[in-house]
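Take a look at the letters that make up each chain.
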Amino acid sequence: MRLIIKDNYDNASLWVAKYIAKKINDFAPTPDKPFVLGLPTGSTPLGVYKELIKMYKNGEVSFSNVVTFNMDEYVGLSPEHPQSYHYFMWDNFFNHIDIKKENTHILNGLAENIEEECENYEKAIKEIGGIHLFLGGIGEDGHIAFNEPFSSLSSRTRQKTLTTDTIKVNSRFFDNDISQVPTTALTVGVATIMDAKEVIIMATGAKKAHAVYMGIEQPMSHKWTISALQAHRHGIIVCDEPATAELETETVKYFKDIEK
Ligand code: GLP
């Protein structure tokens, strides 16, 4: 595992955006050989999206041959709902770059047959040859996508019940009204994420410090689904300084030293 520590959120975001743009450019994608990117929502990736939009506008990267798969979507929200992850992605990223609509994939939270929707999502990822790079954020309880504590580390795309903690944290996007937050979501599984050739998890801010500690310094456990990254061959956690607050000094020193 690599741990990249930047002094603040903006520099962490810039590092991730540059990394993604370089990966896309080095891959030299074509319509027949697209670059496949897994993407998250939440406040954490906003800085990355802003930087990628800037790079696109400066002609430094194109998304015309990039295919995306989003991590998750609330059950019961239409794509037009301002708090749906569909709306979030178009509003904050897709509308500002040259991605083709047919190349974007987001789980349908209104699907009549939820099981089929989830199975088809897994199939679509497989058919395209897998995800090259999955970017994710992390919940305060260490969840990745909506793989709440005690999700199987072998889990696949499915419907998950959200914990009260997650509902409370996410209610900030729903006028702080817990009753407006959907109680379930469709989410890729831990194994869906771990199947990607590379995984980058961004964790910024002091609120994520405990999850970072549990994910990096404690043994792999279904209680902290972020810890599954320990078994990935190309896993990277990108933090700002506050998110490293609970790590041992030696750990921070080690990673800073090897990333010099
Ligand atoms: C939600 C999303 C996660 C995200 C997490 C943290 O639970 N399903 O993918 O990582 O929130 O969000 P934020 O980046 O806003 O802290």
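Description of the structure in this document. (Residues numbered from 1 in each chain as written. Predicted model: local features only at pLDDT ≥ 70, side-chain atom pairs only at ≥ 80, totals over all residues. Heavy atoms only, no water.)

**Brief notes about the packing of aromatic side chains**
- Scanning all chains against the criterion turns up twelve aromatic pairs.
- The interplanar angle of 45 degrees and the centroid separation of 4.9 Å between the aromatic rings of Y74 and Y85 together place this pair among those described as tilted. Here Y85 lies in helix α3 (residues 85-92) and Y74 lies in strand β4 (residues 72-74), a separation of eleven residues in the sequence.
- Under the relative-accessibility criterion, Y74 is labelled buried at 1%.
- On the basis of relative accessible area, Y85 is assigned to the buried category, the value being 10%.
- Judged by centre distance (5.0 Å) and plane angle (80 degrees), the ring pair of Y254 and F255 falls under edge-to-face.
- Take Y254: its relative accessible area is 47%, and that puts it in the partly exposed class.
- Ring pairs connect the aromatic residues Y49, F63, W90, F93 and F94, which therefore count as one cluster.
- Over the face of the ring belonging to F27 we find K33, whose NZ or CZ atom lies 4.6 Å from the ring centre. (Phe/Tyr/Trp six-rings, centres within 6.5 Å; stacked < 30°, edge-to-face > 60°. Helix = DSSP H or I, 4+ residues; strand = E, 2+ residues; numbered from the N terminus. Buried < 20%, exposed > 50% of the residue type's maximum accessible area, 1.4 Å probe, protein only. Lys NZ or Arg CZ within 6 Å of the ring centre and 35° of its normal.)

**So, α3**
- The set of residues buried in α3 consists of Y85, H86, F88 and M89. Each buried residue of α3 sits inside an arc of 165 degrees when the element is viewed along its axis, so together they form one side.
- Buried-residue contacts for α3 involve β2 (35-39), α2 (46-57), β3 (66-70), β4 and α5 (164-170). (Arc of directions from axis to C-beta. Contact = heavy atoms within 4.5 Å.)

**Remarks on the site of the ligand**
- Not every one of the 13 residues close to the ligand is listed here, only the nearest: S43, T44, D72, H143 and K208.
- Contact between the ligand and D72: a nitrogen atom at 2.8 Å from a side-chain N or O atom of the residue.
- Interatomic distance of 2.7 Å between a side-chain N/O atom of K208 and an oxygen atom of the ligand.
- For the ligand, whose unbound accessible area comes to 390 Å², protein coverage reaches 93%.
- Across the shell around the ligand, the residue classes break down as four nonpolar, six polar and three charged. (Near = heavy atom within 4 Å. Polar contact = N/O pair within 3.5 Å; in protein donor to acceptor, adjacent residues only side chain to side chain. Areas by Shrake-Rupley, 256 points an atom, 1.4 Å probe, with all protein chains shown as cover. Nonpolar A, V, L, I, M, F, W, Y, C, P; charged D, E, K, R; others polar.)

**Details of the nonpolar core**
- Formed by 40 residues in total, the largest nonpolar core has its most connected members in L3, F134, I193, I201, I226 and I237.
- Among the secondary structure elements, those contributing two or more residues to this core are β1 (2-6), β3, α4 (114-127), α6 (190-194), β9 (198-203), α7 (209-216), β10 (235-240) and α8 (249-258).
- When neighbours within four sequence positions are excluded, I201 is seen to be in contact with G136, G137, I138, I144, I226, L229, I236, I237 and V238.
- Core analysis: the second largest hydrophobic core is formed by 33 residues, I4, V48, I99 and V238 among them. (Core = buried A, V, L, I, M, F, W, Y, C linked by side-chain atoms within 4.5 Å.)

**Digging into the sheet that holds β9**
- The seven strands are arranged β1-β10-β9-β6-β2-β3-β5 in an open sheet whose pairing can be described as parallel. Because the sheet does not close on itself, it has two edges, and the strands there are β1 and β5 (104-105).
- Bridging between β2 and strand β6 (residues 133-136) involves two bridges; their strand directions are parallel. When the sheet's bridge partners are listed, L37 is paired in β6 with L133. (Pairing = 2+ DSSP bridges.)

By themselves, these are just geometric observations and shouldn't be taken as functional.
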